[in-house]
Amino acid sequence: METAAYSADLSAIWLTLKLATVVTALLLVIGTPIAWWLARTSSAFKGMVGAVVALPLVLPPTVLGFYLLITMGPHGAVGQLTQSLGLGLLPFTFPGLVIASVFYSLPFVVQPIQNAFEAIGERPLEVAATLRASPWDAFWSVAVPLAKPGFLSGAILGFAHTVGEFGIVLMIGGNIPDKTRVVSVQIYDHVEALEYAQAHWLAGGMVVFSFAVLLGLYTFNPARRKNT
Amino acid sequence: MNTEIKARFRVDRSDFALDVDLSLPGRGITALFGHSGSGKTTCLRAMAGLERASAGYFALGDEVWQDESRGHFIPVHRRALGVVFQEASLFPHLSVRGNMEFGLKRKTTGTTRFSLPEIAELLGIAHLLNRSPDQLSGGERQRVAIARALLAAPKILLMDEPLAALDLKRKLEILPYLERLHSELAIPIIYVSHAPDEVARLADHLVLLDAGRVVASGALNQVLSRIDLPATFADDAGVVIEATVAEHEVDDLTRLEFPGGAIYVSRRHEPVGTPLRCRIHARDVSLTLLPQMQSSILNCVSASVVDLAPTDTPGHVLVKLDVTGEPLLARITRRSAEKLEIRPGLALRAQIKAVALLA
């Protein structure tokens, strides 16, 4: 009994870390071009795109989860697409959870990277161009290295935020052991079942983890260098 | 081979308009001089292609980099140019060497006249190669920026007030390096500045810009000695003389010779035969009709009046003189001009009270 409960906890922790890692990696890939575009564009759509990216900051996760559930469900557009591709339905699966988490954590990754890109300014990229670097080359050899603190913050925040989500997981993932039952849901289950000792173990672990992440973020993230 | 630089740009912004049409020599230093807002930086940026003028044409010899009449525009990174900005703008994530290698590694055409160690030596930064940019002084940073630009094998070097962000001491420290570049580089340099001293010291060709238009463009002295221009150099009106050290005399004076005659300055350390550029301010030249035997002013040359023009102060006039083919300016009071009956053609003596040596 005791062992089985702990193995369920460990499974939830493992699933949570896997989810957060996959989501963070995806967010860096998806978020970087969005952040670059937002930082450099003078397009009229900038405000709109920025607002859409930031929506998860203010919306209750249940709202986002509800719409994603509908869209990915059997009658939703995405649901019909995945079914016709023979992939089945995404809700209540790990990939579904990943997609929902990507939306939910997007602003936490995009915004620090966007701020870092904006802080670089035009000049280093102009200098790179005068030294024969194509825009693509300059992006990798100048913009990305100079925005490193932003990438670090974005990755850490995205990871930590994904670890800490609950509402959207319940809406999209449900509570399936080994597939979608992450730590936050597991804690909820323990409390529901009045297993306070186990809830303490996981909840305390989350507090320590979150604190360590934020402490690391605020301590080691180098202050932005002055222009040289 | 045609090396002439052709630059025509028209930029229309709500608050500013630039309209220039320039033919510049394909060698030496051309200064774009003007007050802030005159359009000199915009002009330089348009030349570099950092700003795309809607109506623009830019050619370096036979290479046309921009010709909007046929929609032709080569992006900055495919142009064999070097740009040095007011702030050195070194990449903070790279070492000094990393910065210098940035363009060196990416250049596709042309051979650099200098290797990295040579250019580091020329600019006095060889001992800094492994440092990080934030460990350098302002002057050192700017020298690294110049070296970095040169290593990318540019066919033209564009400099946007490279000394403006430096204090006087750093400026004086960097000027000799710029002069060295001047004599060792075969490529043209376009040098934006609003400092008359820098222009007088470095430029061979001078373009005066005002409110986005070209007021004058020509050989340095030819433009400096024009008295019909609005008071661009104002209080600093004067000419530049290319002289040669002729003799060090016993009483601690050095005789310099220039096409218009000889002038004496305090003893110089340069050996005989060294070319020296000096500047004679109009305010330091006075005029006399007869040779003055009882004057303490040593430098006195025969001249004839070419023309005279009012200055920005009503009590003074500017007199343009011809000293055996060399122009000279004198700023005297209107009263003196009337008393001496200064008029074109009049032969007289010009007394030079001070000579500023630009080295």
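The structure presented is a predicted model; accordingly, all values stated were derived computationally and were not measured. (Residues numbered from 1 in each chain as written. Chains lettered and ligands numbered in written order. Predicted model: local features only at pLDDT ≥ 70, side-chain atom pairs only at ≥ 80, totals over all residues.)

### A word on the overall build of chain B
Stage number 1. Helices and strands together make up the secondary structure of chain B, namely eight helices and 21 strands.
Stage number 2. Scaling as 2.2 N^0.38, a compact globule of 359 residues should have a C-alpha radius of gyration of about 21 Å, and chain B matches this with 22 Å.
Stage number 3. Its C-alpha atoms give chain B principal-axis dimensions of about 65 × 50 × 40 Å.
Stage number 4. In chain B, which comprises 359 residues, the share counted as buried stands at 41%.
Stage number 5. Partitioning the intrachain contacts of chain B with sequence separation of at least 6 by distance along the chain shows that 67% fall at a separation of at least 24. (Helix = DSSP H or I, 4+ residues; strand = E, 2+ residues; numbered from the N terminus. Rg over C-alpha atoms; globule rule 2.2 N^0.38 Å. Buried ≥ 20, exposed ≤ 12 C-beta atoms within 10 Å, placed from the backbone. Contact = placed C-beta atoms within 7 Å.)

### A closer look at the overall build of chain A
Stage number 1. Broken down by element type, chain A carries 11 helices and zero strands.
Stage number 2. When the elements of chain A are put in sequence order from the N terminus, they spell out α-α-α-α-α-α-α-α-α-α-α.
Stage number 3. Taken across its 228 residues, chain A has 36% of its residues classed as buried.
Stage number 4. Across chain A, contacts joining residues at least 24 apart in sequence account for 72% of those joining residues at least 6 apart.

### Re the pairing of strand 2 (residues 17-24) of chain B
Residues and elements named next belong to chain B.
Stage number 1. Across the two faces of strand 2 the burial differs, with Leu18, Val20, Leu22 and Leu24 buried and Ala17, Asp19, Asp21 and Ser23 not buried at all.
Stage number 2. Pairing of strand 1 (residues 5-12) with strand 2 involves eight bridges; the strand directions are antiparallel. Looking across to strand 2, one finds that Lys6 is bridged to Ser23. (Pairing = 2+ DSSP bridges.)

### A closer look at the environment of Cys278 of chain B
All names here are of chain B.
Stage number 1. Among the structural elements, Cys278 can be located in strand 15 (residues 275-281).
Stage number 2. The exposure class of Cys278 is buried, given the 20 C-beta atoms found within 10 Å.
Stage number 3. Expressed as a C-alpha distance, the spacing of Cys278 and Ala165, which sit 113 residues apart in the sequence, is 25 Å.
Stage number 4. Those residues within four positions of Cys278 in sequence are excluded, and the remaining contacts are Ile241, Ala243, Val355, Ala356, Leu357 and Leu358.

### Topic: the sheet that holds strand 13 (residues 253-258) of chain B
Strands in a sheet are paired, the pairing made by backbone hydrogen bonds, and the direction either parallel or antiparallel.
Residue and element names in this part refer to chain B.
Stage number 1. Overall, antiparallel pairing links the five strands, which are arranged 14-13-12-15-21 in an open sheet. At either end of the open sheet lies a strand with only one pairing partner, and these are strand 14 (261-266) and strand 21 (356-357).
Stage number 2. Two strands pair when backbone bridges link them, and strand 12 (residues 238-249) and strand 13 are joined in this way by five bridges, in the antiparallel orientation. Bridge pairing in strand 13 places His248 opposite Thr254.

### Re the domain arrangement of chain B
Residues and elements named next belong to chain B.
Stage number 1. For chain B, the assigned domains are domain 1 (5-224) and domain 2 (238-357).
Stage number 2. A separation of 33 Å is found between the C-alpha centroids of domain 1 and domain 2.
Stage number 3. Contacts between domain 1 and domain 2 engage five residues on the former and six residues on the latter.
Stage number 4. Residue composition of the side of domain 1 that touches domain 2, grouped by class: three nonpolar, one polar and one charged. (Domains from an automatic or database assignment. Nonpolar A, V, L, I, M, F, W, Y, C, P; charged D, E, K, R; others polar.)

### Focus on the confidence of the model for chain A
Stage number 1. Across chain A, pLDDT averages 89, with 94% of residues at or above 70.
Stage number 2. Below a pLDDT of 50 lies the segment residues 224-228 of chain A, which in the model reaches 11 contacts outside its immediate sequence neighbourhood of four places, other chains included. (pLDDT = per-residue confidence, 0-100.)

### Digging into the nonpolar core
Stage number 1. Counting residues in hydrophobic clusters, the biggest one holds 147 residues, and the most contacted among them are Ala31, Ala147, Leu158, Leu206, Val319 and Leu329 of chain B.
Stage number 2. When residues in this core are grouped by element, the largest group, 12 residues, is from helix 5 (residues 94-120) of chain A.
Stage number 3. Residues from two domains meet in this core; each of domain 1 (5-224) and domain 2 (238-357) of chain B gives at least three.
Stage number 4. The residues touching Leu158 of chain B, leaving out its near neighbours within four places in the chain, are Leu44, Met47, Ala48, Leu81, Gly82, Val83 and Ile190 of chain B. (Core = buried A, V, L, I, M, F, W, Y, C linked by C-beta atoms within 7 Å.)

### A short note on the pairing of strand 14 of chain B
Residue and element names in this part refer to chain B.
Stage number 1. Bridging between strand 13 and strand 14 involves six bridges; their strand directions are antiparallel. What sits directly across from Arg255, in strand 14, is Tyr264.
Stage number 2. Hairpin remark: strand 13 followed by strand 14, antiparallel, with two residues in the connecting loop.

### Description of the sheet that holds strand 17 (residues 299-310) of chain B
Residues and elements named next belong to chain B.
Stage number 1. As summarised here, the arrangement of the five strands in space is 16-20-17-18-19, forming an open sheet in which the pairing is antiparallel. Only two strands of the sheet have a single neighbouring strand rather than two, namely strand 16 (285-288) and strand 19 (326-333). Strand-to-strand twist across the sheet, computed as the mean angle between neighbouring axes with direction ignored, equals 45 degrees. (Axes fitted to C-alpha atoms, helices over the stretch in contact; angles between N-to-C directions.)

### Concerning the packing of helix 2 (residues 96-106) of chain B against helix 4 (residues 138-151) of chain B
Residue and element names in this part refer to chain B.
Stage number 1. Two elements in contact, helix 2 and helix 4, have axes whose closest approach is 7 Å; the angle formed by their N-to-C orientations is 25 degrees. Comparing their axes, helix 4 and helix 2 come out roughly parallel. In this structure, helix 2 meets helix 4 at a crossing whose hand is right-handed. From helix 2, Val96, Asn99, Met100, Phe102, Gly103 and Leu104 reach across to helix 4, where they touch Val144, Ala147, Arg148, Ala149 and Leu151.
Stage number 2. Within the contact of helix 2 with helix 4, the residues separate by chemical class into eight nonpolar, two polar and one charged. (Parallel < 35°, antiparallel > 145°, perpendicular 65-115°, else oblique. Left-handed = near helix turned anticlockwise from the far one by under 90°.)

### Some details on the environment of Ala153 of chain B
All names here are of chain B.
Stage number 1. Relative to the helices and strands, Ala153 resides in the loop between helix 4 and strand 8 (156-160).
Stage number 2. Residue classification places Ala153 among the buried positions, given that 21 C-beta atoms sit within 10 Å.
Stage number 3. Here the alpha-carbon distance between Ala153 and Phe258, two residues 105 residues apart in the chain, equals 36 Å.

### Examining the packing of helix 3 (residues 61-72) of chain A against helix 5 of chain A
All names here are of chain A.
Stage number 1. Running from N to C, helix 3 and helix 5 cross one another at 135 degrees; their axes reach a closest spacing of 11 Å. Judged on the interaxial angle alone, helix 5 and helix 3 are oblique. At the point where helix 3 passes helix 5, the crossing takes the right-handed sense. The segment helix 3 lies against helix 5, with Pro61, Leu64, Gly65, Leu68 and Met72 engaging Gly96, Ala100, Phe103 and Tyr104.
Stage number 2. Here the residues of the contact of helix 3 with helix 5 sort into seven nonpolar, two polar and no charged.

### Concerning the environment of Asp62 of chain B
Stage number 1. The residue Asp62 of chain B is located in the loop between strand 4 (55-60) and strand 5 (63-67) in this model.
Stage number 2. Remark: the alpha-carbon pair of Asp62 of chain B and Ile5 of chain B, spanning 57 residues in sequence, is separated by 9.1 Å.

### As for unusual backbone geometry
Stage number 1. At Asp178 of chain A, a residue that is not glycine, the phi angle is positive and equals roughly 70 degrees.
Stage number 2. Inspection of the secondary structure puts Asp178 of chain A in the loop between helix 9 (167-172) and helix 10 (183-192).
Stage number 3. In the Ramachandran plot, Ala153 of chain B falls in the positive-phi region, its phi being about 55 degrees despite a non-glycine side chain.

### Overview of helix 5 (residues 168-184) of chain B
Residues three or four positions apart in an α-helix share a direction because the helix packs 3.6 residues into each turn.
Residues and elements named next belong to chain B.
Stage number 1. With 17 residues, helix 5 ought to run about 24 Å at 1.5 Å a step, and its terminal C-alpha atoms sit 25 Å apart, in line with that.
Stage number 2. Along its length, helix 5 shows its largest kink, about 25 degrees, at Ile174, and proline Pro176 lies within four residues downstream of that point.
Stage number 3. Listed in full, the buried residues belonging to helix 5 are Lys171, Ile174, Leu178 and Leu181.
Stage number 4. Where helix 5 is buried, its residues touch helix 4 and helix 6 (196-202). (Expected span 1.5 Å × (residues − 1). Bend = angle between axes of the 7 residues up to and from the residue.)

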